[in-house]
Amino acid sequence: MKIEAIVGSNKKLSYNRKLLQFISKHFTDDEIHINEIKDIPMFNENYPAGEDDHDPELITELAKRIEDADAVIIGCPEYNHSVPSALKSVIEWLSYRIHPLGGKPVMIVGASIHPQGSSRSQTHLREILDSPGVNAEVFPGNEFFLGTAKKAFDENGDLINQGTVGFLEQCFDGFRIYADEIHKFK
Amino acid sequence: MKLVAIVGTNADFSYNRILLQYMKWHFRMAADIEILEVKQLPPFNEDLPDSEQTEVWRFNTKINNADGVIIATPEYDHSIPAALKSGLEWLSFNRDTMKEKPVMIVGVSYGTQGTSRAQQQLRQMLLSPDLNSDVLPGNEVLIGNAAKVFDKNGFVTDINIVHNLETSFTAFNKFVKSNMRYLERGDDNMTEPHISSDAKIQFRTGSLSIKEIQQIFNTLPFEIDFIDANDEFSYFSDKPNREHVRHTAEIGEPVQQCHPPKVWPIVKSIFDSFKLGTQDHVERCLPLNGHKVWINYFAVRDENGKYLGTMEFTGNVGHLVTLVKEGKFDGFPEGADATTGASKHDDAEPEQPAGPAMNAQADATTGASEHSDEDEDKTE
Ligand SMILES: Cc1cc2nc3c(=O)[nH]c(=O)nc-3n(C[C@H](O)[C@H](O)[C@H](O)COP(=O)(O)O)c2cc1C
Ligand SMILES: Cc1cc2nc3c(=O)[nH]c(=O)nc-3n(C[C@H](O)[C@H](O)[C@H](O)COP(=O)(O)O)c2cc1C
């Protein structure tokens, strides 16, 4: 599958980035491209001020890549039991003038430095992706949370716990089938 | 009761902003509501340098000093707008501004749901351990069909919505007043000193009652702040119409928290020089609130020169400037104070005491004036 992965953090050192990097390295059958959001401006209905209405260039490019992809994976951190503003802002752009996530199979994964591993923000993200303006096809169940992320990777950036890797593979197998079904259905 | 109301969007035109303006007007007898904009803030980013966080500091200070917070949230994609989320992230990042802070949520949407799903998520965020706010239970204010709700003057046209707002605001008012922070802060307790106000204090040069001391400080045409030897903000004079508005909630706080991060290094260098004894006074002239304001920092010492703290002595000297312009001091001897004879220096700069580090003093004084107008201006 051709997959666009989105790092939901704007931080220099991000465990969600590490997780997506591991995923793109590990699943060699898929073509996984990692997208950064840190330079995308905050969503604003009146952007750019005083000029003709258009989306930031980075959003147009991201939307194009999403449209050309079979599926999307989002690496979602947890801030205040919810989705970080940096990621929410990108979704707002992608639900305002253009709707590239509409009908697109999306898998959510997430890492947190705490043991619960972004479970609550993933629930919020599901609700957001389900809203009519976004209208994504979110892969149900298969909740992949990476807790205590500081201790999860070795020096090569590989996940240390083989059980975790096994569960990730299982989620991925399911996601491939799900994405296929969604595409057949369309 | 002092409340702040946060407009939960960065949009130029916002029904939620109109709602808060209406609430500010409608509830003006019950509370002083200041409207804050999240669009002033930089997008939340853990890596943003302190020097770019002046607006965050200002936002945080306003909320810290308020008895409660009203948040008006739009709904974007069944959640709150990123611009509002970003503001909340700043308030929770290395700070406990929202901890136990009473919060009331209201929201207006274009469709019929009236932000119900965004409010649900917002409640969950506010209850997360890093924010830990006291969210007013129940009392939902969900206003749908925004385009039909307000008339052209910003008044709510539907009486049911007015009643809903009044019932919820009354509940919030009670909720704020029963909040621990509000009770502990107790503005009312602070207006009278704790020991009998008739008790006399004997000084070497006479005696004053506590009440007299308090009122002398409050009557001086200059406002006084005192930062103790541990760099904690410990007192301000309760002068009406202060140039720098202070709040009793700030008493006991490290003085660093009372300054924007950008300005703090300059202020710290003043305290450091006072502690070292390299200087005793720094002054600045600033336009503030449309006034000609003279700001002074004085090192306060005991008879042995030991540092007791810093007194900020600030006032509007517009009247003095006018007197000078009108020639009221023309023909007086230069450099001497003929009236009291208090200053016997002929030196044109009597404020600069002789000392081992005259040059360093000059540097520090210049540094202080770099503490720029715009920074100070908005601090109030
Ligand atoms: C403002 C803020 C709020 C946070 N709130 C939560 C939280 O509610 N739950 C959680 O598990 N971690 C929370 N964290 C910690 C994150 O899990 C941690 O910063 C993690 O490294 C973020 O993912 P990243 O490394 O991909 O940026 C919070 C961090 C910040 C800066
Ligand atoms: C990106 C975006 C997403 C939106 N999603 C929702 C939504 O999920 N539910 C809703 O009721 N309105 C939604 N709206 C419409 C808002 O209710 C409407 O823009 C409203 O005027 C926003 O509040 P404001 O006037 O205070 O900015 C959305 C608007 C934008 C720009």
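Residues numbered from 1 in each chain as written. Chains lettered and ligands numbered in written order. Predicted model: local features only at pLDDT ≥ 70, side-chain atom pairs only at ≥ 80, totals over all residues. Heavy atoms only, no water.

**Some thoughts on the domain arrangement of chain B**
All names here are of chain B.
Thought 1: In terms of domain boundaries, chain B breaks down into domain 1 (2–187) and domain 2 (207–330 + 353–375).
Thought 2: Taking the mean C-alpha position of each, domain 1 and domain 2 sit 35 Å from one another.
Thought 3: Listed as interface residues are eleven residues of domain 1 and, on the opposing side, 13 residues of domain 2.
Thought 4: Summed over both sides, the interface of domain 1 with domain 2 buries roughly 940 Å², with 55% coming from carbon and sulfur.
Thought 5: For the pair domain 1 and domain 2, the interface holds zero salt bridges.
Thought 6: Our count for the domain 1 to domain 2 interface comes out at two residue pairs in polar contact (both at pLDDT 80 or more).
Thought 7: Considering every element that reaches the side of domain 1 that touches domain 2, the biggest residue donor is helix H2 (residues 54–64), with five residues.
Thought 8: The residue inventory of the side of domain 1 that touches domain 2, partitioned by class, reads one nonpolar, six polar and four charged. (Domains from an automatic or database assignment. Contact = heavy atoms within 4.5 Å. Buried area = accessible area lost by both parts, 1.4 Å probe. Salt bridge = Lys/Arg side-chain N within 4 Å of Asp/Glu carboxyl O. Polar contact = N/O pair within 3.5 Å; in protein donor to acceptor, adjacent residues only side chain to side chain. Helix = DSSP H or I, 4+ residues; strand = E, 2+ residues; numbered from the N terminus. Nonpolar A, V, L, I, M, F, W, Y, C, P; charged D, E, K, R; others polar.)

**Overview of the confidence of the model for chain B**
Residues and elements named next belong to chain B.
Thought 1: Model confidence for chain B is summarised by a mean pLDDT of 85, while 84% of its residues fall at 70 or above.
Thought 2: Per-residue pLDDT stays below 50 along residues 188–192; that stretch engages in six contacts with residues further than four places along the chain or on separate chains.
Thought 3: Low pLDDT (under 50) marks residues 338–380, which in the prediction has 53 contacts with non-local residues, meaning those over four places away or in another chain.
Thought 4: Two summary scores accompany this predicted model of the complex, namely pTM at 0.76 and ipTM at 0.95. (pLDDT = per-residue confidence, 0-100.)

**Section: the pairing of strand S1 (residues 2–7) of chain B**
If a strand is regular, its side chains alternate between the two faces of the sheet.
Residues and elements named next belong to chain B.
Thought 1: With five of six residues buried, S1 is to be regarded as a mostly interior element.
Thought 2: Summarising the sheet, S1 and strand S2 (residues 32–37) pair through six bridges and their orientation is parallel. Each bridged residue has a counterpart across the sheet, and for Ile6 the counterpart in S2 is Leu36.
Thought 3: Since S1 and S2 lie parallel, the crossover through helix H1 (residues 15–26) that links them has a hand, and here it is right-handed.
Thought 4: In the sheet, S1 pairs with strand S3 (residues 68–72) via five bridges, with the strands oriented parallel. Looking at S3, one finds that Ala5 is bridged to Ile70. (Buried < 20%, exposed > 50% of the residue type's maximum accessible area, 1.4 Å probe, protein only. Pairing = 2+ DSSP bridges. Right-handed = clockwise from strand over helix to strand, strands pointing away.)

**Remarks on the packing of helix H3 (residues 85–93) of chain A against helix H4 (residues 119–130) of chain A**
All names here are of chain A.
Thought 1: Two numbers describe how H3 lies on H4: the axes approach to 11 Å, and their chain directions differ by 10 degrees. In terms of their interaxial angle, H3 and H4 are classed as roughly parallel. For the pair formed by H3 and H4, the contact residues are Leu87, Lys88 and Ile91 on the first element and Leu125, Ile128 and Leu129 on the second.
Thought 2: Looking at side-chain class alone, the contact of H3 with H4 contains five nonpolar, no polar and one charged residues. (Axes fitted to C-alpha atoms, helices over the stretch in contact; angles between N-to-C directions. Parallel < 35°, antiparallel > 145°, perpendicular 65-115°, else oblique.)

**Section: the interface of chain B and chain A**
Thought 1: Taken together, the 29 residues of chain B in the interface contact 26 residues of chain A.
Thought 2: Summed over both partners, the interface of chain B with chain A buries about 2,300 Å², with 46% contributed by carbon and sulfur atoms.
Thought 3: Where chain B touches chain A, the interface holds one salt bridge.
Thought 4: With its nearest N and O atoms 3.7 Å apart, the salt bridge here joins B:Glu46 to A:Lys11.
Thought 5: Linking chain B with chain A are 18 residue pairs in polar contact (both at pLDDT 80 or more), by the criterion used here.
Thought 6: Elements that contribute at least two residues to the side of chain B that touches chain A include exactly helix H3 (82–92) and helix H4 (116–126) of chain B.
Thought 7: With seven residues, H3(B) is the largest single contributor of residues to the side of chain B that touches chain A.
Thought 8: Of the residues that constitute the side of chain B that touches chain A, the class distribution is 13 nonpolar, nine polar and seven charged.

**Here we look at the pattern of salt bridges**
Thought 1: This model, assessed by the stated rule, comprises 29 salt bridges over all chains.
Thought 2: Taking the shortest distance from any N to any O, the salt bridge between A:Glu78 and A:Arg120 comes out at 2.8 Å. In this pair, A:Glu78 sits in the loop between strand S3 (71–75) and H3 while A:Arg120 sits in helix H4, placing the two residues 42 residues apart along the sequence.
Thought 3: A:Glu78 sits in the buried class, given a relative accessible area of 18%.
Thought 4: Of the charged contacts in the structure, one is a salt bridge between B:Glu34 and B:Lys62, with a shortest N-O distance of 2.9 Å. Placement of B:Glu34 in strand S2 and of B:Lys62 in helix H2 is noted, with a sequence separation of 28 residues between them.
Thought 5: Linked through salt bridges whose partners overlap, the residues forming this network are B:Glu223, B:Asp225, B:Arg242, B:Arg246 and B:Glu312.

**With respect to the packing of aromatic side chains**
Thought 1: Going through the model one piece at a time under the given rule, you end up with 22 aromatic pairs over all chains.
Thought 2: A centroid spacing of 4.0 Å and a plane angle of 10 degrees characterise the contact between B:Phe27 and B:Phe169, whose relative ring orientation is stacked. One end of the pair, B:Phe27, is in the loop between H1 and S2; the other, B:Phe169, is in helix H5 (residues 159–177), and 142 residues separate them in sequence. Residue B:Phe27 shares its accessibility class with B:Phe169, and that shared class is buried.
Thought 3: Each member of the aromatic cluster is reached from another via a ring pair, and the members are A:Phe43, A:Tyr47, A:Trp93, A:Tyr96 and B:Tyr76.
Thought 4: Sitting over the ring of B:Trp25, B:Arg28 keeps its end group 3.8 Å from the ring centre. (Phe/Tyr/Trp six-rings, centres within 6.5 Å; stacked < 30°, edge-to-face > 60°. Lys NZ or Arg CZ within 6 Å of the ring centre and 35° of its normal.)

**Some details on the site of ligand 1**
Thought 1: The full set close to ligand 1 counts 20 residues, and A:Ser9, A:Ser14, A:Tyr15, A:Asn16 and A:Ser112 are the nearest of them.
Thought 2: Neighbouring residues of ligand 1 are not confined to one chain but are distributed across chains A and B.
Thought 3: A:Asn16 places a polar side-chain atom, nitrogen or oxygen, 2.7 Å from an oxygen atom of ligand 1.
Thought 4: Within the side chain of B:Asp130, an N or O atom sits 3.2 Å from a nitrogen atom of ligand 1.
Thought 5: Counting residues per element, the ones that place at least two in the shell around ligand 1 are helix H1 (15–26) of chain A together with H3 of chain B. (Near = heavy atom within 4 Å.)

**Here's the deal with the environment of B:Gly154**
Residues and elements named next belong to chain B.
Thought 1: Relative to the helices and strands, Gly154 is located in the loop between strand S6 (141–143) and H5.
Thought 2: On the accessibility criterion, Gly154 (19% relative accessible area) is buried.
Thought 3: Residues Gly154 and Trp25 lie 129 residues apart in sequence; the distance between their C-alpha atoms is 10.0 Å.
Thought 4: Those residues in contact with Gly154 that lie beyond four places of it in its chain are Ile18 and Tyr22.

**Considerations on the layout of surface pockets**
Residues and elements named next belong to chain B.
Thought 1: Within this model, the second largest pocket holds a volume of roughly 860 Å³.
Thought 2: Asn60, Asn64, Arg95, Glu253 and Gln257 are the residues nearest the centre of the second largest pocket, which is lined by 32 residues in total.
Thought 3: Elements with a minimum of two residues in the lining of the second largest pocket: H2 and helix H6 (180–185).
Thought 4: In the lining of the second largest pocket, the residues fall into ten nonpolar, eleven polar and eleven charged.
Thought 5: Per-domain counts for the lining of the second largest pocket show at least three residues from each of domain 1 (2–187) and domain 2 (207–330 + 353–375). (1 Å grid on protein atoms, 1.4 Å probe; cavity = no way out; pocket = protein on both sides within 12 Å on 5 of 7 lines; lining within 4 Å. Points joined across faces, edges and corners; volume = space filled by probe spheres on them.)

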